[in-house]
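The residues making up each chain are set out below.
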Amino acid sequence: KNVSNVFYAEGAINYNRIFGKHGISGLFVGTVRQSLSGNEPTLFESLPKRNLGLAGRFTYDFNNRYLGEFNFGYNGSENFDKGHRWGFFPSVGLGWIPSNESFWTSNLKKVISKLKIRGTYGLVGNDEISNQRFFYLSEVLPGRGREFRTGYDFNGIKRSGMEIKTYANPNIGWEIARKSNIGLELGLFNKMELLIDLYKEERTNILQSRSDISTEMGLWNQSMSNVGKAKGHGIDVSLDYQHSITQDLWLVGRANFTYAKSTYLYYEEPDYAQLQASWLSRKGNAISQQWGLVAERLFIDWDDIANSPRQDYGEYIPGDIKYKDINKDGVVNDMDRVPLGYPTTPEVNYGFGFSLGYKNIDFSAFFQGSARSSFWIDASAMSPFTRRTRKDENDKTLVMETGLAQFIADNYWSELTQNPDAYWPRLSNTVISNNVQRNSKFMEKGGFLRFKSAEIGYVLPSKLLNKINLNSYM
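Just so you know, these numbers come straight off a predicted model, no measurement behind them.

Thresholds, definitions, all that
Residues numbered from 1 in each chain as written. Predicted model: local features only at pLDDT ≥ 70, side-chain atom pairs only at ≥ 80, totals over all residues. Heavy atoms only, no water. Phe/Tyr/Trp six-rings, centres within 6.5 Å; stacked < 30°, edge-to-face > 60°. Buried < 20%, exposed > 50% of the residue type's maximum accessible area, 1.4 Å probe, protein only. Core = buried A, V, L, I, M, F, W, Y, C linked by side-chain atoms within 4.5 Å. Helix = DSSP H or I, 4+ residues; strand = E, 2+ residues; numbered from the N terminus. Contact = heavy atoms within 4.5 Å. pLDDT = per-residue confidence, 0-100. Salt bridge = Lys/Arg side-chain N within 4 Å of Asp/Glu carboxyl O. Polar contact = N/O pair within 3.5 Å; in protein donor to acceptor, adjacent residues only side chain to side chain.

We now examine the packing of aromatic side chains. Overall, the coordinates contain 22 aromatic pairs when judged by the stated rule. The interplanar angle of 35 degrees and the centroid separation of 6.5 Å between the aromatic rings of Tyr423 and Trp424 together place this pair among those described as tilted. Residue Trp424 is classed as buried on the basis of its relative accessible area, which comes to 4%. Here the aromatic cluster, defined as three or more aromatic residues joined through ring pairs, consists of Phe28, Phe58, Phe70, Phe72 and Phe88.

Written out as structure tokens, the structure is:
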């Protein structure tokens, strides 16, 4: 089919067969995709985006007791050189249902109505590793480079040179994730079902910038390479419960819990151990971990400033934030940034709710929450009395002044109080660079629990619905 500037074609072959207690099925799917945009700023981006793919699945079932499945994807990406263009990503899964075995007696079924154990292992490929296209080609932009003059005394015509935006790298290829999972499905008393999944993931070939190499070689821009490695692990748990208390009264409950953590095994960075600044390393830290300065308190007076390490974030006076000199070199700078709080992505997500019904009336509610995450107040945007300009719909310049938030008005440093533990530093009509650095003072916990939804329902009597030719579905 051809829709606007996107072309997509798919073909599939499906096979199913049952031989007594043996069930076999297979599926092949081939895809061809192309998208084209006529409003792109560069030649590279204006070229059609194309990829091919072939996927397959084979499943085996013996008497609904022993299960097996094999999947694969064979995909080609235009982003990579012909030596790395195609990727083969297989996966295999096995399952066993002991509750369907002959030794699973009827008395045992009354207690454990279902028991299923399963496990999977496979590879997943990702070619959307950057906004850049065609890693194996070098992109050169005419007229975007540095200027030069002609002539004996360099007083001739001014010309603009070439800019090398990207450097060709035929060795860049697919990012690969190796995923494994062990799952348990447990049914109790024909009323409760518990699902538990433990998973582990290892990602390799993560695309990262080789900043040090680019600097040492004198390159125009940073070079890229598949050097990053990361690992992740977690658990997913879900619980469903349903029970008919009486003929007219019923209850349904549900809950879910997820814990997931991903950390870097390797990250392209300087050797911070040699620099005696190991706290700057991303290795072993969460992928969304943030670094910042440790705020000790606010400067009390000029003597306090004179007897403290120098801070390299612009001018500062009494009432501004005093940061901790982590490496004890007498200067507070980016070498003193440390991992702060939890990652910005929550490591724990959970929810729970219920539905209760009596005859034609039902009520349901659901709660949602997360934990183990941090976020930062944007001190630059919150700084009161600072002026900003913007254009309105008529291209007129508007001058806006940030208001004074109540939590700042209630607890800020002033010359009268000189409170070194005030929440907000001294007030100013300009943004103070020293005070808007990412720091521990403006870090907040991101965990929450909220009442997400509530619903009351009523089913109209069938006699009334029949009169107006309507049906009721529950």
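Next up on the list: the nonpolar core. Residues Leu293, Leu298, Ile321, Tyr323, Val332, Trp424 and Phe442 are the most contacted members of the largest nonpolar core, which totals 14 residues. Going through the elements one at a time, strand S17 (295–298) and strand S19 (321–323) are the ones with two or more residues in this core. Excluding residues that lie within four positions of it along the chain, Ile321 makes contacts with Ala295, Arg297, Leu298, Phe299, Gln311, Pro425, Asn434, Asn435, Asn439, Lys441 and Phe442. With eight residues, the next largest nonpolar core counts Phe89, Ile129, Ile172 and Ile176 among its residues.

Of the residues in the protein chain, 94% reach a pLDDT of 70 or more, and the chain-wide mean stands at 89. Ranking the elements of the protein chain by mean pLDDT puts strand S1 (residues 2–3) last with 39 and S19 first with 98.

A few words now on the pattern of salt bridges. For the structure on display, the rule yields 16 salt bridges. Notably, a salt bridge pairs Lys322 with Glu296, separated by 4.0 Å at the nearest N-O pair. Here Glu296 lies in strand S17 and Lys322 lies in strand S19, a separation of 26 residues in the sequence.

Attention now goes to the environment of Asp271. By secondary structure assignment, the location of Asp271 is in the loop between strand S15 (249–266) and strand S16 (290–292). On a C-alpha basis, the gap between Asp271 and Ser281 in space is 8.2 Å, while along the polypeptide they are 10 residues apart.

Right, let's talk about unusual backbone geometry for a bit. A positive phi angle, close to 55 degrees, is found at Asn63, a residue other than glycine. In this fold, Asn63 is placed in the loop between strand S4 (49–62) and strand S5 (66–77). Accessibility expressed as a relative area gives 35% for Asn63, which makes it partly exposed. For Phe134, which is not glycine, the phi torsion reads 55 degrees and is therefore positive. Mapped onto the elements of the fold, Phe134 is located in the loop between strand S7 (112–126) and strand S8 (139–141). Judged by relative accessible area, which is 7%, Phe134 ranks as buried.

The next point concerns the side chain of Arg337. Residue position: Arg337 is located in the loop between strand S20 (331–332) and strand S21 (338–340). Residue class for Arg337 comes out buried when judged on its relative accessible area of 15%. At 2.9 Å, the side chain of Arg337 forms a polar contact with the side chain of Asp334. Within the structure, Arg337 has its side chain in polar contact with the side chain of Gln437 (distance 2.9 Å). When sequence neighbours within four positions are dropped, the list of residues in contact with Arg337 reads Trp279, Leu280, Trp291, Gly292, Leu293, Tyr313, Gln437 and Arg438.

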